[in-house]
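Listed below, chain by chain, are the residues.
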Amino acid sequence: MKILLAVIICAAVVYALVLLAAFFFADALMFHPPARTYVKTGEIVEFESDSGARLAGLFLKSSAPTSVNIFYCHGNGEDLGMIYSGLNRLRELGCNVFSFDYDGYGLSEGKPSEENLYKSARSAWEFAEKNLGFTPQNTVLFGFSLGSAAVCSVAETRKHWRGIILAGGIARGVETVLPFDAVPWKILDNTSKISHFECPLLIIHGTRDFIVPPRNARRNFAAAKCAKKLVWLDGYGHNDISASSEYRNAVMQFIKGQQ
């Protein structure tokens, strides 16, 4: 009996420490801005976030008439300079493309946090809607990794999106580490937002993703009640999925299907 009680006490202490770490250090553990990889050019636009920070955005306009815009939210450890070539490939599909750096990333001011991630994403959407002709009806939201949380935050502010793509997306923040949500409050909770999606949804995930394990894709796919498709990239991990021809084909087919 004493041994069992000791085990219970130890487990309770460990759990309390986990909760304390999650409460005080979650943002520091989750957000890792890289060293800036670009400078301000004529393609860079600036706008104000609701966080009070001045943020950097990038608008790539298609050279051909298009009916589809892509609003792209990048992953952790990335900035606009690192994703430029990928954004340009999306433009080559015949789309206008807008992306931006979150608070504390790239040329954007501010401090990275979950709250500021959502504020930056929603402010970026407001900028694109007011200045670039983006509307939910003509826009595909596209989020990679951490960017899936930014996309889901934007998605819940409007209805009738043309489509949503989540690549290497998170279900809930804790579930990138544990197979269940061990924290009584929500951290990067995408799954509950996805359950309200009404537009076509494409989920892409590597089968050997050890950063955002495949269970995240399964949980998000199960939660979605809209028209949906899940594409597994066999043998691919997290940061290498865009190198897969199946990834490129799935994205292209989805976007072309919305054009």
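You'll find the structure just up there.
Every chain is numbered on its own, with residues counted from 1 as its sequence reads. This being a predicted model, a pLDDT of at least 70 is required before a residue's local features are given, and a value of 80 or more before pairs of side-chain atoms are given or counted; all residues contribute to the totals for chains, interfaces and linings. Side-chain numbers come from the whole structure's heavy atoms, not from hydrogens or water.

A. Region of the structure containing the packing of helix 3 (residues 114-131) against helix 4 (residues 147-155). Think of each axis as a best-fit line through the C-alpha atoms, taken over the contacting stretch in the case of a helix, with angles from 0 to 180 degrees between the N-to-C directions. A run of H or I in DSSP counts as a helix once it spans at least four residues, and a run of E counts as a strand once it spans at least two, with each numbered from the N terminus. Between helix 3 and helix 4, the least distance of the axes is 9 Å, while the angle of their chain directions is 60°. Taken as axis vectors, helix 3 and helix 4 run oblique relative to one another. Here helix 3 runs over helix 4; the crossing is right-handed. Along its contact with helix 3, which presents Leu 117, Tyr 118, Ala 121, Arg 122 and Trp 125, the element helix 4 presents Ala 149, Ala 150, Ser 153 and Val 154. Amino acids are sorted into nonpolar (Ala, Val, Leu, Ile, Met, Phe, Trp, Tyr, Cys and Pro), charged (Asp, Glu, Lys and Arg) and polar (every other residue, Gly among them). Across the contact of helix 3 with helix 4, the residue classes tally to 7 nonpolar, 1 polar and 1 charged. We call two directions roughly parallel when the angle between them is under 35 degrees, roughly antiparallel when it is over 145, roughly perpendicular when it lies between 65 and 115, and oblique otherwise. Throughout, a crossing is termed right-handed when the near helix is turned clockwise from the far one, and left-handed when it is turned anticlockwise from it by less than a right angle. Should any heavy atoms of two residues lie within 4.5 Å, those residues are considered in contact.

B. Quick look at the layout of surface pockets. Using only the protein atoms, space was sampled on a 1 Å grid; points where a 1.4 Å probe fits but cannot get out form cavities, open sets with protein on both sides within 12 Å along at least five of seven lines form pockets, and lining residues are those with an atom within 4 Å of a point. Grid points are joined across faces, edges and corners, and a volume is the space filled by probe spheres set on the points. The space that makes up the second largest pocket amounts to roughly 540 Å³. Lining the second largest pocket are 24 residues, and of these Tyr 72, Gly 86, Arg 89, Ser 242 and Tyr 247 lie nearest its centre. Tallying contributions element by element places helix 2 (residues 80-91) first for the lining of the second largest pocket, with 7 residues. Classifying every residue of the lining of the second largest pocket by side-chain character gives 12 nonpolar, 8 polar and 4 charged.

C. Spotlight on the nonpolar core. Nonpolar cores were defined as sets of buried Ala, Val, Leu, Ile, Met, Phe, Trp, Tyr and Cys residues, with membership established by side-chain atoms within 4.5 Å. Relative accessible area decides the class of each residue, using a 1.4 Å probe on protein chains only: under 20% of the type maximum gives buried, over 50% gives exposed, and in between gives partly exposed. The biggest cluster of nonpolar side chains holds 42 residues, and the ones touching the most others in it are Phe 71, Phe 98, Phe 100, Leu 117, Ile 164 and Leu 201. Going through the elements one at a time, strand 2 (54-60), strand 3 (69-73), strand 4 (96-100), helix 3, helix 4, strand 6 (163-167) and strand 7 (201-206) are the ones with two or more residues in this core. With 7 residues, the top contributor of residues to this core is helix 3. Excluding its chain neighbours within four sequence positions, the residues that come into contact with Ile 164 are Val 140, Leu 141, Val 151, Ala 155, Phe 197, Cys 199, Pro 200, Leu 201, Leu 202 and Phe 254. Core analysis: the second largest hydrophobic core is formed by 30 residues, Phe 142, Ala 167, Ile 204 and Ala 250 among them.

D. Here's a closer look at helix 6 (residues 215-223). Listed in full, the buried residues belonging to helix 6 are Asn 216, Ala 217, Asn 220 and Ala 223. Viewed end-on, helix 6 has its buried residues packed into an arc of 130°, placing them on one side of the element. In helix 6, the exposed positions angled more than 90 degrees off the buried face are occupied by Arg 218 and Ala 222. In this structure, the buried side of helix 6 is in contact with helix 5 (191-194), strand 7 and strand 8 (228-233). Throughout, the arc means that of the directions going from the helix axis to the C-beta atoms.

E. Representation of the packing of aromatic side chains in the model. Each aromatic pair joins two rings of Phe, Tyr and Trp (for Trp, the six-membered one) with centres within 6.5 Å, and gets the label stacked for planes under 30 degrees apart, edge-to-face for over 60, and tilted for any other angle. Summed over all chains, the structure comprises 12 aromatic pairs. For the ring pair Tyr 72 and Phe 142, a centre distance of 5.0 Å and an interplane angle of 65° mean the geometry is edge-to-face. Of this pair, Tyr 72 sits in strand 3 while Phe 142 sits in strand 5 (residues 139-144), and the two are 70 residues apart along the sequence. The buried category is assigned to Phe 142, whose relative accessible area is 1%. With centroids separated by 4.8 Å and ring planes inclined at 70°, the aromatic side chains of Trp 125 and Trp 161 adopt a geometry described as edge-to-face. You can see Trp 125 sitting in helix 3 and its partner Trp 161 sitting in the loop between helix 4 and strand 6, a full 36 residues away along the chain. Across this residue pair, the class does not change: Trp 125 and Trp 161 are buried.

F. Geometry of the sheet that holds strand 4. Any two strands with at least two DSSP bridges between them are considered paired. Strands sit in the order 1-2-4-3-5-6-7-8 across an open sheet of 8 strands; the sheet is mixed. Of all the strands in the sheet, just strand 1 (44-48) and strand 8 have a single pairing partner and so form its edges. Across the sheet, the axes of successive neighbouring strands diverge by a mean angle of 20°, strand direction being ignored. Inspection of the sheet shows strand 7 paired to strand 8 by 6 bridges, in the parallel sense.

G. View of the pattern of salt bridges. The term salt bridge refers to a side-chain nitrogen of Lys or Arg lying within 4 Å of a carboxyl oxygen of Asp or Glu. Following the criterion strictly, the structure yields 8 salt bridges and no others. One salt bridge in this structure joins Lys 119 and Glu 115, with 3.1 Å as the shortest N-O distance. On the criterion of helical spacing, the pair formed by Lys 119 and Glu 115 is a turn pair, its members being 4 residues apart in helix 3. In this structure, Glu 198 and Lys 159 form a salt bridge, with 3.8 Å as the shortest nitrogen-oxygen distance. With a gap of 39 residues between them, Glu 198 in the loop between helix 5 and strand 7 and Lys 159 in the loop between helix 4 and strand 6 connect regions that are remote in the sequence. Comparing Glu 198 with Lys 159 shows no difference in burial state: the two are exposed. Within the structure, one salt-bridge network assembled from shared partners comprises Lys 40, Glu 46, Glu 48 and Arg 54.

None of the figures reported here should be taken as evidence of function without further support.
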